[in-house]
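Spelled out, the chains give:
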Amino acid sequence: MATVKGCNIPDDLYYNVENNVWARREDDGTVTIGMTVYAAALAGQIVSCTPKKVGRSVEQNKSAATVESGKWVGPVKAPVSGEVVAINEAVTSSPGTINTDPYGSGWMVKLKPANWDGDSAALITGGAVAAAFEAKMNTDGFAGCA
Amino acid sequence: MEYWRVLDTGLRPPAQNIALNRALLEARQADEIPSTLRFLRFTPSALLGYHQSAEQELNLDYCKANGIAVQRRITGGGAIYFDETQIGWELYLHKRDVGTSDMQSISRRICHAAATAISALGVDARYRPRNDIEVDGRKISGTGGAFDGDALLFQGTLLIEFDVEKMLRVLRIPAEKLSDKAIASARERVANLKDLLGRQPDVGQIRRNLTEAFESEFDVEFHEDELTLSEHARYQVALREIDTSDWIALASRPASGMPILEAVQKFAGGLLRVAASFDTLTRTLRQVWFTGDIFVSPRRTIADLEATLRDTPLDKVEPRIRTFFAERQVDMLSLTPDDFIAVLRLALKQPLLMPHP
């Protein structure tokens, strides 16, 4: 568990810091992905979320879901390539869950990864997480999670 | 001094304008173009926000019968009616141009600059959260945005000689039917530059004011230019996706999923009427109109309350109404904040009884 400027960034997840997204390798080999608590704080209250449909392929760093907050629409970029095998219907009906529980019930998409070992090499995890997010927050001029 | 580009892509059908949104945002993201201010106009169009459903937001039969093209934007926010009596302005920026990643701060900064430009025409335009520019409580410019990586697109409308009655026919909005009363209450909620100024505004002057306001806000100089070859290429690709019925149907939900709920209740302070569009999927109050035989001063209070309540999750409606009235001085004779909550609760009673999906 890492806390950076008041934001909870669990260090057992894999991150693309630039895209502000996380990935978790599940026991069945699938990869669950979502937004970080920091991304949700920058966005503000999320009012809509549309994940890509099951069966679609998503390339690494391409949109796996689209979210809207405060009239801004933007992509949530997949940390790894893969095929969408499940989407979280609960975030479609309760998009605010992404703000309140981004690593739990606010997950967005599960992928069957195309090449986890290769793609995840570009992600950071463990001890390097806190410093990487602190650097990003400083660049972004972010004061901290409320 | 940094140089940015200003474009005017003229009058176009909505599919072309939205495809250009995608093309320019991609080109900005790929660093193929400088930051850009674009002016644009639309042939008669009903434009959906990215996540909206045409069935829920529009009177599709009316649009079809009257040659109004339906399109989906790539930006967020609500459905609008856009025609030749309005102009559009858009900024394509890099995140470093705005100095923050906080999306609300970016909206506020751009809207403040646009409000300054509109005010310079001789009206008192101001930013109103969330993302409107208003004159004395009446909306004169609605805005929305999209981002991809470090590139941002922020766009706004400007109502010049807007046809309120047409808007009521095109959009499925919570007005009490299409009565003179509904048209009158719609007129109280939107402002036209022409009416405010008492003369036809000079569109060239509007463009110059906006350009100068953004120059001064971002400390840059704009140069007029044309679309680049890479933008043309990206535009052709985008148009093939966007000028299709699949794109318009991207989000499709039945109109019954967003009922317009009405209630009326008599209070000591007068008769208060409410009409609200309620999204049953997300249990969110999308839009609300209060009318009735009531006295409220300042007059703009009702419009400001309605703006505050846009897209409010059901469980936040009451606290938002209370906070709204706690934060300002309002004279309503014997009408109370509780009365607004009560009439709204009455209107929302039906979906409240439905089980959560």
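Definitions and limits used
Residues numbered from 1 in each chain as written. Chains lettered and ligands numbered in written order. Predicted model: local features only at pLDDT ≥ 70, side-chain atom pairs only at ≥ 80, totals over all residues. Heavy atoms only, no water. Helix = DSSP H or I, 4+ residues; strand = E, 2+ residues; numbered from the N terminus. Rg over C-alpha atoms; globule rule 2.2 N^0.38 Å. Buried < 20%, exposed > 50% of the residue type's maximum accessible area, 1.4 Å probe, protein only. Areas by Shrake-Rupley, 256 points an atom, 1.4 Å probe, with all protein chains shown as cover. Lys, Arg positive; Asp, Glu negative; His and termini not counted. Charge placed at Lys NZ, Arg CZ, Asp CG, Glu CD. Pairing = 2+ DSSP bridges. Expected span 1.5 Å × (residues − 1). Contact = heavy atoms within 4.5 Å. Buried area = accessible area lost by both parts, 1.4 Å probe. Salt bridge = Lys/Arg side-chain N within 4 Å of Asp/Glu carboxyl O. Polar contact = N/O pair within 3.5 Å; in protein donor to acceptor, adjacent residues only side chain to side chain. Disulfide = S-S within 2.5 Å. Core = buried A, V, L, I, M, F, W, Y, C linked by side-chain atoms within 4.5 Å. Domains from an automatic or database assignment. Axes fitted to C-alpha atoms, helices over the stretch in contact; angles between N-to-C directions. Parallel < 35°, antiparallel > 145°, perpendicular 65-115°, else oblique. Left-handed = near helix turned anticlockwise from the far one by under 90°. Nonpolar A, V, L, I, M, F, W, Y, C, P; charged D, E, K, R; others polar.

### Focus on the overall build of chain A
So, point 1. Scanning chain A for helices and strands turns up 5 helices and 11 strands.
So, point 2. Here chain A has a C-alpha radius of gyration of 14 Å; the compact-globule value for 146 residues is 15 Å, and the two agree.
So, point 3. A principal-axis box enclosing the C-alpha atoms of chain A has dimensions of 40 × 35 × 20 Å.
So, point 4. Looking at chain A residue by residue over its 146 residues, the buried ones come to 53%.
So, point 5. For chain A, the accessible area works out to roughly 5900 Å², and carbon and sulfur atoms hold 49% of it.
So, point 6. Here chain A contributes 12 positive and 15 negative side-chain charges, whose respective centroids are spaced 8 Å apart.

### Notes on helix H12 (residues 301-309) of chain B
All names here are of chain B.
So, point 1. Most of H12 sits inside the fold, with 8 of its 9 residues counted as buried.
So, point 2. All of the buried residues in H12 are Thr301, Ile302, Ala303, Asp304, Leu305, Glu306, Ala307 and Leu309.
So, point 3. Phi turns positive one or two residues past the end of H12, at Asp311, with a value near 55°.

### A short note on the sheet that holds strand E15 (residues 312-313) of chain B
So, point 1. With antiparallel pairing, the 4 strands of this open sheet are ordered in space as E12-E13-E14-E15 (chain B). The sheet is open, and its two edges are formed by strand E12 (260-267) and E15 of chain B, each paired on a single side.

### Focus: helix H1 (residues 14-29) of chain B
Residues and elements named next belong to chain B.
So, point 1. Helix length check: H1, at 16 residues, gives a terminal C-alpha distance of 23 Å against a target of 22 Å (1.5 Å per residue), a fit within 8%.
So, point 2. Most of H1 sits out of view: 13 of its 16 residues are buried.
So, point 3. The positive-phi residue at the C-terminal boundary of H1 is Asp31, with phi of around 60°.

### A word on the environment of Gly70 of chain A
Residues and elements named next belong to chain A.
So, point 1. Its location among the elements puts Gly70 in the loop between strand E8 (63-69) and strand E9 (72-77).
So, point 2. Under the relative-accessibility criterion, Gly70 is labelled buried at 17%.
So, point 3. Gly70 sits 46 residues away from Arg24 along the chain, and the two C-alpha atoms are 28 Å apart.

### Comments concerning the interface of chain B and chain A
So, point 1. With 35 residues of chain B in contact, the opposing surface of chain A contributes 24 residues.
So, point 2. Taking both partners together, chain B and chain A bury about 2200 Å²; carbon and sulfur atoms supply 51% of that area.
So, point 3. Ranking the residues of chain B by area buried against chain A places His51, Ser101 and Phe147 of chain B at the top, with a combined share of 25%.
So, point 4. The tally of links between chain B and chain A comes to 2 salt bridges.
So, point 5. In this structure, Asp148 of chain B engages Lys77 of chain A in a salt bridge whose closest nitrogen and oxygen atoms are separated by 2.8 Å.
So, point 6. Between chain B and chain A we count 13 residue pairs in polar contact (both at pLDDT 80 or more) in total.

### Topic: the state of the cysteines
Residues and elements named next belong to chain A.
So, point 1. Summed over all chains, the structure comprises 1 disulfide over all chains.
So, point 2. Covalently, Cys7 is tied to Cys145 through a disulfide, its sulfur atoms 2.0 Å apart. Classification of the bridge connecting Cys7 and Cys145 rests on its S-S torsion, roughly 100°, and on that basis the disulfide is right-handed. Taken as a pair, Cys7 in strand E2 (residues 7-9) and Cys145 in the segment after helix H5 (129-140) lie far apart in primary sequence, 138 residues in all.
So, point 3. Cys49 takes part in no disulfide bond, and the closest cysteine sulfur, belonging to Cys145, lies 19 Å away.
So, point 4. Of the residues examined, Cys49 reaches a relative accessible area of 3% and is grouped as buried.

### A closer look at the nonpolar core
Residue and element names in this part refer to chain B.
So, point 1. With 40 residues, the main nonpolar core has Trp89, Ile110, Ile133, Leu193, Phe214 and Phe218 as its most contacted residues.
So, point 2. In terms of residue count, the dominant contributor to this core is helix H5 (residues 103-119) (9 residues).
So, point 3. With 27 residues, the next largest nonpolar core counts Leu309, Phe325, Phe340 and Ile341 among its residues.

### Observations regarding the domain arrangement of chain B
When the parts of a complex come together, some accessible area is lost, and that lost area is often taken as the interface size.
Residues and elements named next belong to chain B.
So, point 1. If you check the domain split of chain B, you get domain 1 (2-248) and domain 2 (258-353).
So, point 2. The straight-line distance from the C-alpha centre of domain 1 to that of domain 2 is 28 Å.
So, point 3. With 20 residues of domain 1 at the interface, the matching set in domain 2 holds 26 residues.
So, point 4. Connecting domain 1 to domain 2 are 4 salt bridges.
So, point 5. Ionic pairing is found between Glu306 and Arg189, a salt bridge with its closest N-O pair at 2.6 Å.
So, point 6. Linking domain 1 with domain 2 are 6 residue pairs in polar contact (both at pLDDT 80 or more), by the criterion used here.

### Quick look at the pairing of strand E6 (residues 46-51) of chain A
Residues and elements named next belong to chain A.
So, point 1. Within E6, 5 of the 6 residues are buried, which leaves the element mostly enclosed by the surrounding structure.
So, point 2. Bridge count between E6 and E8: 5 bridges; the pairing is antiparallel. Note on E8: the bridge partner recorded for Cys49 is Val67.

### So, the packing of H5 of chain B against helix H9 (residues 203-218) of chain B
Residue and element names in this part refer to chain B.
So, point 1. Closest axis-to-axis distance for the H5/H9 pair is 8 Å, and the angle between their directions is 135°. The angle between H5 and H9 falls in the class oblique. Of the two elements, H5 crosses H9, and the hand of that crossing is right-handed. Here Arg109, Ile110, Ala113, Ala114 and Ala117 of H5 lie close against H9, whose contacting residues are Asn209, Leu210, Ala213, Phe214, Glu217 and Phe218.
So, point 2. Broken down by class, the residue content of the contact of H5 with H9 amounts to 8 nonpolar, 1 polar and 2 charged.

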